[in-house]
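Chain residues, written in single-letter form:
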Amino acid sequence: MSGVNIQQLSIRFGSNEVIKGLDLQVHEGEFLVLLGPSGCGKSTLLHAIAGLIDVSGGRIEIGGQDMTEAEPSARGIGMVFQSYALYPTMSVERNLSFGPRVSGVPKDEIARRVQRAAQMLHLEPLLDRKPAQLSGGQRQRVAIGRAIVREAGVFLFDEPLSNLDAKLRAELRRELKLLHRQLGNTMIYVTHDQVEAMTLASRIVVMKAGVIQQIGTPTEVYERPANLFVAGFLGAPS
Ligand code: ADP
Ligand code: MG
């Protein structure tokens, strides 16, 4: 388990500064939701934490260690993105076990982890199927399962439910809450959906144009918005 400490993070694409001197402390074991309109820099921030893009300035610590320049695989994170990015030719079982197989985890240990993740996510009857034989919700469960099997201390979610219908979204929201209670790891969850933020978050970070507008519990942010932008954004229908 580990927290994430971001100091004075700046990310530029050419002359466009997308993240602007951002400070953020993600506590170990919390469910932090990043909420903000499309284009405000949520995905960019996650990609920087994951090590998928270079930062222009600042520092990223994960589990108390400076990871600003570290390879993605060394950061102890699991990523779950909107498009499921499963390996289409591999079974669910192979998709789940791929990460630890590559990093040389012993076979019986991998089997134990896959079994546990499959049980948590109701994937046991589906282990022999290929991704094409799964529904959208089942595919997203496999993507979550991969992060569990890697035993990541920090999970990064980038709008993981946005391709699913309302009923499935509600169901997966409940499962994610339960999962977080069972695993107790750090979750950083990006969404532009206010309902998701209110129901999942221990704390919400509201962003606008690469700048944090407010950090607080769902109740704090909803009842005492820091400014008109936060008030308007939380009040707007999703
Ligand atoms: P969000 O996830 O909040 O919708 P993004 O982080 O995807 O926002 O994008 C923030 C801004 O950065 C947008 O203006 C987007 O066009 C720009 N951006 C994102 N990725 C790149 C990139 N690889 N190259 C250039 N501009 C980018
Ligand atoms: Mg995005």
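This text goes with the structure placed above it.
Remember, it's a predicted structure, so these values are computed and weren't measured experimentally. (Residues numbered from 1 in each chain as written. Chains lettered and ligands numbered in written order. Predicted model: local features only at pLDDT ≥ 70, side-chain atom pairs only at ≥ 80, totals over all residues.)

Draft legend 1. Structural context of the overall build of the protein chain. Of the regular secondary structure elements, the protein chain holds eight helices and 10 strands. On C-alpha atoms alone, the protein chain measures out to a radius of gyration of 18 Å, which is about the 18 Å that the 2.2 N^0.38 rule sets for 238 residues. If you line up the protein chain on its principal axes, its C-alpha atoms span 50 × 40 × 30 Å. The 238 residues of the protein chain split such that 39% are buried. (Helix = DSSP H or I, 4+ residues; strand = E, 2+ residues; numbered from the N terminus. Rg over C-alpha atoms; globule rule 2.2 N^0.38 Å. Buried ≥ 20, exposed ≤ 12 C-beta atoms within 10 Å, placed from the backbone.)

Draft legend 2. Structural context of the nonpolar core. With 63 residues, the main nonpolar core has Leu32, Val33, Leu34, Ile49, Leu156, Ile188 and Tyr189 as its most contacted residues. Ranked by the residues each element gives to this core, the list is headed by helix α4 (residues 136-149), at six residues. With residues up to four places along the chain from it excluded, the contact list for leucine 34 reads Lys42, Leu45, Ile188, Tyr189, Val190, Val205 and Met207. (Core = buried A, V, L, I, M, F, W, Y, C linked by C-beta atoms within 7 Å. Contact = placed C-beta atoms within 7 Å.)

Draft legend 3. How the structure looks around the site of ligand 1. Around ligand 1, the surrounding shell consists of Phe13, Val18, Gly36, Ser38, Gly39, Cys40, Gly41, Lys42, Ser43 and Thr44. Broken down by element, the shell around ligand 1 gets its largest block of residues, three residues, from helix α1 (residues 42-50). Here the shell around ligand 1 is composed, by residue class, of three nonpolar, six polar and one charged. (Near = placed C-beta within 6 Å. Nonpolar A, V, L, I, M, F, W, Y, C, P; charged D, E, K, R; others polar.)

Draft legend 4. Local environment of the packing of helix α2 (residues 92-102) against α4. At their nearest, the axes of α2 and α4 sit 8 Å apart, and the two run at 35° to each other. α2 and α4 meet at a crossing whose hand is right-handed. Contacts between α2 and α4 involve Val92, Asn95, Leu96, Ser97, Gly99 and Pro100 from the former and Val142, Gly145, Arg146 and Val149 from the latter. Here the residues of the contact of α2 with α4 are counted per class, giving five nonpolar, four polar and one charged. (Axes fitted to C-alpha atoms, helices over the stretch in contact; angles between N-to-C directions. Left-handed = near helix turned anticlockwise from the far one by under 90°.)

Draft legend 5. Inspection of the pairing of strand β6 (residues 77-81) at higher detail. Burial analysis of β6 places four of its five residues in the buried class, which makes it a mostly covered element. By the bridge criterion, five bridges tie β6 to strand β7 (residues 154-158) in an arrangement that is parallel. Residue pairing across strands places methionine 79 opposite leucine 156, the latter belonging to β7. (Pairing = 2+ DSSP bridges.)

Draft legend 6. Just unusual backbone geometry, in detail. For histidine 122, which is not glycine, the phi dihedral falls at a positive 60°. Note on placement: histidine 122 falls in the loop between α3 (107-120) and α4. Classification of histidine 122 by C-beta neighbours within 10 Å gives exposed; the count is 12. One non-glycine residue, glutamate 151, lies in positive phi territory at about 55°. Turning to its location among the elements, glutamate 151 is positioned in the loop between α4 and β7. Its 16 C-beta neighbours within 10 Å are what place glutamate 151 among the partly exposed residues.

Draft legend 7. Molecular detail of the sheet that holds strand β4 (residues 57-62). Here we have four strands laid out as an open sheet, ordered β2-β1-β4-β5, and antiparallel in their pairing. Two strands close off the open sheet at either side, each with one partner strand: β2 (16-26) and β5 (65-66). Relative to β5, β4 runs antiparallel, the two being bridged by two bridges. Bridging from a neighbouring strand, glutamate 61 pairs with aspartate 66 of β5. α1 rests against β1 (4-13), β2 and β4 of the sheet, and its axis sits at about 115° to β1.

Draft legend 8. The arrangement of helix α5 (residues 166-183) in detail. In this model, α5 (18 residues) spans 25 Å end to end at C-alpha, consistent with the 26 Å of a helix rising 1.5 Å per residue. For α5, the full list of buried residues reads Leu172, Leu176 and Leu179. Here the buried residues of α5 occupy an arc of 65° about the axis, which is enough to place them on one side. For α5, the exposed residues set more than 90 degrees away from the buried face come down to Ala166, Lys167, Arg174, Leu178 and Arg181. (Expected span 1.5 Å × (residues − 1). Arc of directions from axis to C-beta.)

Draft legend 9. Spotlight on the environment of lysine 208. Within the secondary structure, lysine 208 sits in strand β9 (residues 203-208). Given 16 C-beta atoms within 10 Å, lysine 208 falls into the partly exposed group. When the C-alpha atoms of lysine 208 and alanine 48 are compared, they prove to be 17 Å apart, with 160 residues separating the residues in sequence. With near-sequence residues (within four places) excluded, lysine 208 lies in contact with Gly36, Cys40, Gln213 and Phe229.

Draft legend 10. Expanded view of the pairing of β7. Of all five residues making up β7, five are buried, and the element is well covered by its neighbours. The alternating pattern of β7 places Val154, Leu156 and Asp158 and Phe155 and Phe157 on opposite faces, both of which are buried. One ladder, built from five bridges, connects β7 with strand β8 (residues 186-191); its direction is parallel. Counted as the bridge partner of valine 154 is threonine 186 from β8. Once you follow β7 into α5 and on to β8, the crossover reads as right-handed. (Right-handed = clockwise from strand over helix to strand, strands pointing away.)

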